[in-house]
Amino acid sequence: MSRARQPPLVTGISPKEGTAWTKVTIRGENLGTGPADLIGLSICGHNCLLTAEWMSASKIVCRVGPAKDDKGEIIVTTKSGGLGTSTVSFKLVRQERIGILEQSAVWVDEMNYYDMRTDRNKGISPLSLRPSNPLGIDIDKGKIPQSDMELTFPGMSGDFTSENFSATWYLMENHSGSSFEHLKSAASNLKKQATKKNEGSLAYVKGGLSTFFEAQDALAAIHQRLESDGTERVEGSMTQRLENILNRASDTADTLFQEVLGRKDKADSTRNALNVLQRFKFLFNLPLNIERNIQKGDYDVVINDYEKAKSLFGNTEVPVFKKVYAEVETRICSLRSLLLEKLLQTPSTLHDQKRYIRYLSDLHAPGDPAWQCIYAQHKWILQLMQNCRDEFISGQRAWRSETPQQVQFVEKLSDVVIGQLPNFWKLWISYVNGSLFSETGEKSGQVEKSKKNARQRQNDFKKMIEEVTNRLVKLIRGALLPTTLPQGELNLYGGWENKTELTGAWLTQIIHTVRSCHDALSAMEIPNDLLQVIQDLLLELRVHCLMVSLLHTTEDVKRLAEKEDWVVDNEGITSLPSQFEQCTVLMLQSLREPLEVKPGEINVLQLDQVQDQVTELSVSIMKVFINCLDQLSTKTDGDIDAAHNIAVDLSSPDRFTASQDGFCPTSEQRLLIILSNCQYLERRTFLNLADHFEKHGFTGTEKITRVSVDAVRELDRKLFEAYIERRADPIAGSLEPGIYAGYFDWRDCGTPTGVRNYLKEALVNIITVHAEVFTVSKDLVPRVISKIVESVAEEMSRLMQCVSSFSRNGALQARLEICTLRDAIVGYLNSESNQNFNLALEALPPLHSGADEKFLKQLMGKFTSSMQLQLTCFHPSSVQPVKR
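Described in the following lines is the structure provided in the data block. Every value quoted in this text rests on a predicted model; they were computed, and no experiment measured them.

Criteria and cut-off values
- Residues numbered from 1 in each chain as written.
- Predicted model: local features only at pLDDT ≥ 70, side-chain atom pairs only at ≥ 80, totals over all residues.
- Heavy atoms only, no water.
- Phe/Tyr/Trp six-rings, centres within 6.5 Å; stacked < 30°, edge-to-face > 60°.
- Helix = DSSP H or I, 4+ residues; strand = E, 2+ residues; numbered from the N terminus.
- Buried < 20%, exposed > 50% of the residue type's maximum accessible area, 1.4 Å probe, protein only.
- Lys NZ or Arg CZ within 6 Å of the ring centre and 35° of its normal.
- Pairing = 2+ DSSP bridges.
- Axes fitted to C-alpha atoms, helices over the stretch in contact; angles between N-to-C directions.
- Parallel < 35°, antiparallel > 145°, perpendicular 65-115°, else oblique.
- Expected span 1.5 Å × (residues − 1).
- Bend = angle between axes of the 7 residues up to and from the residue.
- Contact = heavy atoms within 4.5 Å.
- Salt bridge = Lys/Arg side-chain N within 4 Å of Asp/Glu carboxyl O.
- Core = buried A, V, L, I, M, F, W, Y, C linked by side-chain atoms within 4.5 Å.

Let's talk about the packing of aromatic side chains
Evaluation of the coordinates by the stated rule reveals 14 aromatic pairs. For the ring pair F284 and F321, a centre distance of 6.0 Å and an interplane angle of 50° mean the geometry is tilted. Here F284, found in helix α6 (residues 281-296), pairs with F321, found in helix α8 (residues 319-344); they are 37 residues apart in sequence, far enough to count as distant. Ring centres of F693 and F698 lie 5.1 Å apart, and the angle between their planes is 55°; this geometry places the pair in the tilted category. Residue F693 is classed as buried on the basis of its relative accessible area, which comes to 2%. The class for F698 is buried, based on a relative accessible area of 5%. Through pairs of rings, three or more aromatic residues link up here, namely W371, F424, W425, W428 and F461. Of note, R756 hangs over the ring of F744, and the distance from its end group to the ring centre comes to 3.8 Å.

Printed below as a string of structure tokens:
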């Protein structure tokens, strides 16, 4: 739980005194955490919250209201700290009515010149003598429009000096919010004023009663004297003479004092002119002050002076004031043009834009400056984006050699959009909610006018955002997916044909950049429908990255054949299958980000068309690698002697050392190595890759595995047949010449003394093949030797069946050799081999006696003993594989 904040404390106010509606700055501590936290502000007991503007936790600006108390404290109330206290006070100065003899900063048109010499008022407006508040209670202006009052009270007036005065109108207009108790107090005030007026007249008469009696006596005496004279109607009477004396006295006085009075009148005129200049120097100095403040950039001062001058002299009929005010209007018109020019300048900050819009609003500039600024910013952002593309196309921008230009372009373009569009969007939001305007704008109705204009222009702004996002998408398409643009837009957005083709890794980086741009725009709360084009672009980029990665992997797999070193491990496998698996796995790992499904995106692998293409390309990768193995099997090497005898090669003591260091295998050894790799692919690699494909969300892994296994099996069959053909045919072909060497005849031969050399040579050749296969892969030995034995058995069966007849010794010799061969390779016999050996034995005459059978066993035992070491290889369990 957070600790409660301290209550507000006001420690200073500036100015410390003033009239009602004076703007003051309040300073203190804990004055709130924000505008919403400020819930109360009173000065001298008057609620000033409506005019309060929260600046910070130590500063608030507001206007003092017409409080009842002349002096009082400043009390701030916040949600977080409650009711506050104050160490200072504010003195409210009451405005006094300007008398006819007092100086004033305001020209009062209805007050005529007062002639001090004749001491006569040439005419004082009765309005200047009326009381400002006849009821004597606080005035609470209502919000009823003047037009409604005129309709409700036709022909009447709320002015209490008018002949058509309506008390109801006056009360509704000035005291609609007053309580009944206040109105009763007002009635009492009126009674007191009336009583005081009557009592004042009576007291005046009582105080001057003796004077009145003296005047009455003087008038009576004069009347009596005139009646006794009887000459009041006769010329030369006393009255006439008195009038003549007075006239002469007046003429004499005028003659004596005419020059003095003339000089006094002239001095009074000069004094009055100087007084006017002094009282209204603000207006006369205003044009020069406006010019100076504009040059200094003090536009707030200019606007405040202009508002003051407009309120004082805007409707004046005094010619000199009209002339000076016209010059002020000319300077203000120039200022409007200057501010509008600054507003439309680019680049500019959001703070400056709001400031200039507020200035123009306060100056009542024609048109809609805020919308003009939005329109100018929109055009500037579009131009920035297009310039970014043009700089890269023309090569004006310096770029890092290791990073392709398209990647740098997308990053730069994204920076432009992310850097400019947020302020553009914030300017529009400020335009919509009316926060661009000052208090003056609020009072003059600018806020409501702005909101109305914004509602009318929502569709126009939406089109602006759409144009920016569409331009962004088209520029990126032109750089990466030019085929998706119409032919007519290629000149504007394309032109990247001569640039480097991007790999999957660079495309992944671009996808990351575009996603970041989309996320930044989404965070601004821009509607999703305006950002859908970016989502569509991301989908196509992800699909494109997937296809490019698969195609580039296909090319990488093709080059794997160049990395084959023919060095096998204990399982008879080279590094090639491992490199192939690693290459494919790295490709899948690089696709993790493009295949990742972000909020609002769809899984590209769930699209039917993409599924089919991915499956075909994956199968193509497998087939390409199998084709690499096929090409390696048929590859010729000029360093290999085709006539090199395998027995000599295998008998070399440096065989295994050579295999590790610069060994160059024969074509038959290559076949065996590739056969071993094919078996490993089928048994391990393809299954591992199927798991990786499934983990990364690939569909169709069953088809990929099935087609790959079928292809590798077909290659295995092809290579196995080629190897058997190379190794089995020479062995089987050597049997017939060996049997009939020295003109041997089955019908005329001596008693058998042992197995002849041709059979020994055949067995040695089979042993040689065994050694060759075993050197590469122990697992291939049974398969290869069984096939060679099958070929040898088939040839022996054919040869025996071709003999027309055997002598007794010939039959013994043939049976000895067939049985010896069969027993020596019995571990590799299959059904076909057994059948052929049986057919060969069936072609021989049966043994004549048990002595012949015993004789054969002796000879066979002798052969087995003599070749025991050589025949040991046909017992695989007794021989360990060669360690590498």
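Some remarks on the pairing of strand β6 (residues 53-56)
Inspection of the sheet shows β6 paired to strand β7 (residues 59-63) by three bridges, in the antiparallel sense. Bridged to E53 within β7 is V61. As consecutive antiparallel partners, β6 and β7 are separated by two residues.

A short note on the pairing of strand β1 (residues 9-14)
Note on strand geometry: in a regular strand, side chains alternate between the two faces of the sheet. In this sheet, strand β3 (residues 23-29) lies alongside β1 in antiparallel orientation, the contact comprising five bridges. Looking at β3, one finds that S14 is bridged to T25.

A look at the packing of helix α10 (residues 369-394) against helix α11 (residues 405-433)
The N-to-C vectors of α10 and α11 enclose an angle of 180°; their axes lie 10 Å apart at closest approach. For the element pair α10 / α11, the angle class is roughly antiparallel.

Examining unusual backbone geometry
Residue P15 follows S14 across a cis peptide bond; omega there is -5°. Even without a glycine there, the phi angle at W21 is positive, about 75°. As for its placement among the helices and strands, W21 is situated in the loop between β2 (17-18) and β3. One non-glycine residue, H364, adopts positive backbone phi at about 55°. Along the chain, H364 turns up in the loop between α9 (350-362) and α10.

Re α6
When the terminal C-alpha atoms of α6 are compared, their 22 Å separation across 16 residues agrees well with the 22 Å that a helix rising 1.5 Å per residue should span. Along its length, α6 reaches its greatest deviation from straightness, about 45°, at P287. Turning to α6, its buried residues are L283, L286, P287, I290, N293 and I294. Buried residues along α6 sit in contact with α7 (299-313) and α8. At the exit of α6 stands G297, carrying a positive phi of roughly 85°.

Regarding the pattern of salt bridges
By the definition in use, this model includes 33 salt bridges. The closest approach of N and O atoms between E721 and R717, which form a salt bridge, is 3.0 Å. You can see E721 and its partner R717 sitting in helix α24 (residues 701-733), four residues apart, about one turn around the helix. One salt bridge in this structure joins K787 and E790, with 3.9 Å as the shortest N-O distance. Separated by three residues within a single helix, K787 and E790 lie in helix α27 (residues 781-802), roughly one turn from each other. Salt bridges linked by common partners bring E668, R726, R727 and E772 together as one network.

What about the sheet that holds β7?
Strands sit in the order β6-β7-β3-β1-β10 across an open sheet of five strands; the sheet is mixed. The open sheet has two free edges, formed respectively by β6 and β10 (85-86), since each of these has just one partner strand.

A word on the nonpolar core
Ranked by size, the top nonpolar core spans 184 residues in total, and within it F580, V784 and M800 carry the most contacts. With 13 residues, the single largest contributor to this core is helix α17 (residues 528-558). Setting aside anything within four residues of it in sequence, one finds M800 in contact with I739, W746, F806, A814, I818, A840, A843 and L844. Within the second largest apolar cluster, 19 residues are counted, among which are I13, L31, C48 and C62.

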